[in-house]
Amino acid sequence: MADKVLTANRLSDGTSVWLDAAGNWNERLQAAFVARHKEAVEALEATGRQAFADNQVVDVNVIDVEEVDGVLRPLRMRERIRAEGPTIAYAIGYSGLAATAA
Amino acid sequence: MYRYDEFDHAFVSGRVEQFRDQVARRLSGELAEDAFKPLRLMNGVYLQLHAYMLRVAVPYGTLNSRQMRMLAHIARKYDRGYGHFTTRQNIQYNWPKLSELPDALADLATVEMHSLQTSGNCIRNVTADHFAGAAADEVADPRPYAEILRQWSSVHPEFSFLPRKFKIAVTGAERDRAAIQVHDIGLHLKKNGHGEIGFAVYVGGGQGRTPLVAKKIRDFLPEADLLTYTTAIMRVYNLYGRRDNKFKARIKILVHEMGAEELARQVEAEFAELRGSELTLPESDIAAIATYFAPPRLAPRAEGWANLAQWKKADPEFARWVQQNVQPHKHPDYGMVTISLKPIGGIPGDASDAQMEAVADIAQEYAFDEIRVSHEQNLILPHVALADLEPVYRGLVAAGLATANAGLITDIIACPGLDYCALANARSIPVAQEISNRFGSPERQAEIGELKIKISGCINACGHHHVGHIGLLGVEKKGEELYQITLGGSGDENTSIGEIIGRGFEPEKVTDAVEVVVDTYLGLRRDPSETFLAAYRRVGPQPFKDALYGEKTVAAA
Ligand code: HEM
Ligand code: SF4
């Protein structure tokens, strides 16, 4: 089984967030709590359902990640881009193109 | 241009206040997501990968400098200092906060703008030729009719929950710059033998996963019957359009399955019932709307000719820009200016708040306060005196907006793709950037001539790849991006859907592949006047397949 983390978008501003070990929605993927076995994944899913029902987040998903040299890297590019931002220098002050996106 | 009346003002402000209440109830938890989502979509608010997205309508692509300044203000105050002009003549903001959106919409309402019907299964923003009211080849300005359609279709109770979204485009010229044949309804304004104005009516075009060219179902519809006939089409669609399968719900599928003749028969039958009803447009109403779109009074400025010749001689870059980005106007002393939003290596369609302000300033000073958004993701100043071209150019240079590439290979259409879009399979923007850099030299672009590259990040085809001379479609294969190439598409009066040329290319190889296609064209064209599209139509796909995949390729998978 691939390692998994729980991700969503915050209701109030749409920002991508990941569930951390303290049970908070964190803006950094690297802070995410990693589920490595079935029970842990089920706990993530339950937490996600509850947070959605509590109107904290929307678009809740459990996604596959791998840990390479202590850095979490989502398996799908879509999720890498969600974590790192657009891969392009889209506006002044925002450069994109982060380490794990490529 | 059209000005809101009291009813319009009250309606739009009322909707903003409703939305404010809906957002407050959503944030307090009173409204669940399932209940809220359709409400936010009715106000043009999507959720993308990183944030919410707001799509603001620019009806038929026309706006004034005050409105453009407001778009800059929205970018600055509620977003990250930029916006993305789209192929549907709209603008999208990529980073607004849900909690601030009601304020953003209230600000927009002060300049008669909104985001209604930019999403959902309703009649969407009606698009029109971006050169409307200025083009030399125009029979009549399409915008009064687009405005009539807009008023009629706004919260139309019968047509607010159609089987699927519905897009109407209108052109008033022989050359189709509104891609009417890939719309649900395409209207081509023309005059009949008696000099009366009416429309050729096309139905059932569209892109997406099933690209189809529209069928003409009527040669000449008198202008008075515009709403009657459109209503008849909508009714037939509403009745028979498929609601069981989202992918088969557009009217194009109905036209395809029912046949254009049978559909036309049904429409005519409904039309016969409705004809002469209150939907008939009185001449006085059409005239009243048309006055809003009366062209500015263009005084003779014959001195521009001599000035222009001198300026061109003095500055070859200016000359190149005029050659590429300025087209003849109805009035001989004026021109239509394309402001390219495609800087070499830049992001197609993006403009910063400062650039929007600069365009507003220039439009106000030199262009009768009129700005257009083109479906090719550029901005247009439709009326500029030749005598003013030099200062306009200087202003654009200062704002980084004077790229001389309208219609050339670097004038690329690209959808947001996987950098933003939740539905995407692959990125579009970086591909556009790399191609733009590869072909960026002015000499090379000039040698290649007219060539339209269009890129979509998934089969929804928001980047119009099906009608690109060269189309690129991003797909996901085994978790990686791959780009399929189509050739020979076109979205003008001779619309055609591009053909898939063979297996796809990895991101690092796709620019090389495009270059092979371009070099093959340069090698086989009869002379420089034979465009890529004309050459492709003459020789077909085989020489390109051979060049891309090796000789004797049988139709590749
Ligand atoms: C959040 C971003 C977007 C979403 C979710 C989205 C969604 C879609 C979908 C689902 C379709 C396919 C409709 C069908 O085949 O029935 C479509 C088509 C289309 N969209 Fe988008 N789109 C987005 C952004 C854009 C942008 C940025 C543009 C303009 C650059 C655009 C313009 C179009 C056009 C021109 C079509 C094809 C015409 C047609 O409806 O057949 N969309 N879009
Ligand atoms: S074509 Fe696909 S990837 Fe591009 S904007 Fe449309 S839905 Fe998104």
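Residues numbered from 1 in each chain as written. Chains lettered and ligands numbered in written order. Predicted model: local features only at pLDDT ≥ 70, side-chain atom pairs only at ≥ 80, totals over all residues. Heavy atoms only, no water.

Asks: Can you help me understand the site of ligand 1 in this one?
Replies: All names here are of chain B. Taken together, 21 residues lie near ligand 1, and T87, K167, Q207, R250 and C462 sit nearest. Contact between ligand 1 and Q207: an oxygen atom at 3.0 Å from a main-chain N or O atom of the residue. Here an oxygen atom of ligand 1 sits 2.9 Å away from a polar atom, N or O, in the side chain of R250. Class assignment of the residues belonging to the shell around ligand 1 gives a composition of six nonpolar, nine polar and six charged. (Near = heavy atom within 4 Å. Polar contact = N/O pair within 3.5 Å; in protein donor to acceptor, adjacent residues only side chain to side chain. Nonpolar A, V, L, I, M, F, W, Y, C, P; charged D, E, K, R; others polar.)

Asks: Before we go on, may I ask you to explain the coordination of the iron atom of ligand 1 in this structure?
Replies: Octahedral metal centres with six donors ideally show angles of 90 or 180 degrees, and tetrahedral centres with four donors ideally show 109.5 degrees. Its sole protein donor being C462 of chain B (SG), the iron atom of ligand 1 sits 2.2 Å from that atom. Checked against the element boundaries, C462 of chain B lands in the loop between β17 (453–456) and β18 (470–477). (Donors = N, O, S within 2.8 Å, 3.2 Å for Na, K, Ca; no water. Helix = DSSP H or I, 4+ residues; strand = E, 2+ residues; numbered from the N terminus.)

Asks: Would you explain the sheet that holds strand β5 (residues 91–93) of chain B in this entry?
Replies: One key point about sheets: their strands pair by backbone hydrogen bonds, in either a parallel or an antiparallel sense. Residues and elements named next belong to chain B. In spatial order, the strands read β1-β2-β5-β4-β13; together these five strands make up an open sheet with antiparallel pairing. Across the chains shown, the open sheet's two edge strands, defined by having one partner strand only, are β1 (45–47) and β13 (350–352). When the angles between neighbouring strand axes are averaged without regard to direction, this sheet yields 30°. The sheet strands contacting helix α3 (residues 65–78) are β2 (52–56), β4 (82–85) and β5, and the helix crosses β5 at an angle near 20°. (Pairing = 2+ DSSP bridges. Axes fitted to C-alpha atoms, helices over the stretch in contact; angles between N-to-C directions. Contact = heavy atoms within 4.5 Å.)

Asks: Which parts of the structure should I look at to understand the UniProt feature "domain: Nitrite/sulphite reductase 4Fe-4S" (unreviewed entry) in chain B?
Replies: As annotated in UniProt, the feature "domain: Nitrite/sulphite reductase 4Fe-4S" (unreviewed entry) corresponds to residues 119–272 and 410–529 of chain B in the numbering used here. Taken end to end, residues 119–272 of chain B is 31% helix and 18% strand, and its first and last C-alpha atoms sit 32 Å apart. (UniProt positions renumbered as here; feature names shortened; annotations may be inferred.)

Asks: Honestly, the site of ligand 2 in this entry has me stumped. Any pointers?
Replies: Every residue lining ligand 2 is accounted for by C415, P416, G417, C421, L423, A424, S456, G457, C458, N460, A461 and C462 of chain B. The class makeup of the residues in the shell around ligand 2 is eight nonpolar, four polar and no charged.

Asks: Even after reading the chapter, I still don't get the pairing of β4 of chain B, so can you show me in this structure?
Replies: If a strand is regular, its side chains alternate between the two faces of the sheet. Residues and elements named next belong to chain B. Burial of the side chains of β4 extends over both faces: Y82 and H84 are buried on one face and G83 and F85 on the other. By the bridge criterion, three bridges tie β4 to β13 in an arrangement that is antiparallel. Looking at the pairing, H84 lines up with D350 of β13. (Buried < 20%, exposed > 50% of the residue type's maximum accessible area, 1.4 Å probe, protein only.)

Asks: Just to check I follow, could you spell out the interface of chain B and chain A for this structure?
Replies: Reports of interface size often rely on the accessible area that becomes lost once the parts have come together. Each side of the interface is counted separately: chain B has 32 residues, and chain A has 25 residues. Around 2300 Å² of area is buried between chain B and chain A when both sides are counted, 58% of it from carbon and sulfur atoms. The largest share of the area that chain B buries against chain A comes from L49, H50 and R80 of chain B, three residues that together contribute 23% of it. Taken together, chain B and chain A are joined by one salt bridge. Counting the contacts that link chain B with chain A gives 13 residue pairs in polar contact (both at pLDDT 80 or more). Counting residues per element, the ones that place at least two in the side of chain B that touches chain A are α1 (6–27), α2 (33–42) and α14 (429–438) of chain B. Considering every element that reaches the side of chain B that touches chain A, the biggest residue donor is α14 of chain B, with three residues. In terms of residue class, the side of chain B that touches chain A is made up of 17 nonpolar, five polar and 10 charged. (Buried area = accessible area lost by both parts, 1.4 Å probe. Salt bridge = Lys/Arg side-chain N within 4 Å of Asp/Glu carboxyl O.)

Asks: It is not clear to me how the layout of surface pockets should be interpreted in this structure. Could you clarify?
Replies: Vacant regions in the atomic arrangement are exposed by a probe of water-molecule size rolled over the atoms. All names here are of chain B. Considered as a void within the structure, the second largest pocket measures approximately 770 Å³ in volume. Counting only elements with at least two residues in the lining of the second largest pocket, the list comes to α11 (316–325) and α15 (442–448). With three residues, α15 is the largest single contributor of residues to the lining of the second largest pocket. Residue composition of the lining of the second largest pocket, by class: 10 nonpolar, 16 polar and 12 charged. (1 Å grid on protein atoms, 1.4 Å probe; cavity = no way out; pocket = protein on both sides within 12 Å on 5 of 7 lines; lining within 4 Å. Points joined across faces, edges and corners; volume = space filled by probe spheres on them.)

Asks: Sorry, what's going on with the sheet that holds strand β3 (residues 62–63) of chain B here?
Replies: Residues and elements named next belong to chain B. Taking strand neighbours across the sheet as the criterion, the five strands line up as β3-β14-β15-β12-β11 in an open arrangement whose pairing is antiparallel. Of all strands in the sheet, those with a lone pairing partner are β3 and β11 (326–328), marking the two edges. The sheet strands contacting helix α13 (residues 389–398) are β11, β12 (334–339) and β15 (379–385), and the helix crosses β15 at an angle near 150°.

Asks: I tried to follow the domain arrangement of chain B on my own but got confused; where do I start?
Replies: Residue and element names in this part refer to chain B. Examined at the domain level, chain B breaks down into domain 1 (6–109), domain 2 (135–292), domain 3 (303–398) and domain 4 (426–549). Centre-to-centre, using C-alpha coordinates, domain 1 lies 27 Å away from domain 2. Taking both sides of the interface into account, the surface hidden between domain 1 and domain 2 amounts to around 650 Å²; carbon and sulfur atoms contribute 64%. One can count two residue pairs in polar contact (both at pLDDT 80 or more) joining domain 1 with domain 2. When its residues are assigned to classes, the side of domain 1 that touches domain 2 shows four nonpolar, one polar and two charged. (Domains from an automatic or database assignment.)

Asks: Is there a simple way to explain the packing of α1 of chain B against α2 of chain B in this structure?
Replies: The description of two helices packed together rests on the angle between their axes and the distance between the axes. All names here are of chain B. Contact geometry for α1 and α2: axes closest at 11 Å, N-to-C directions at 155°. Comparing their axes, α2 and α1 come out roughly antiparallel. Remark: the crossing between α1 and α2 carries left-handed chirality. Together, R15, F19, Q22, V23 and R26 of α1 and E33, F36, L39, R40 and M42 of α2 make up the contact between the two elements. (Parallel < 35°, antiparallel > 145°, perpendicular 65-115°, else oblique. Left-handed = near helix turned anticlockwise from the far one by under 90°.)

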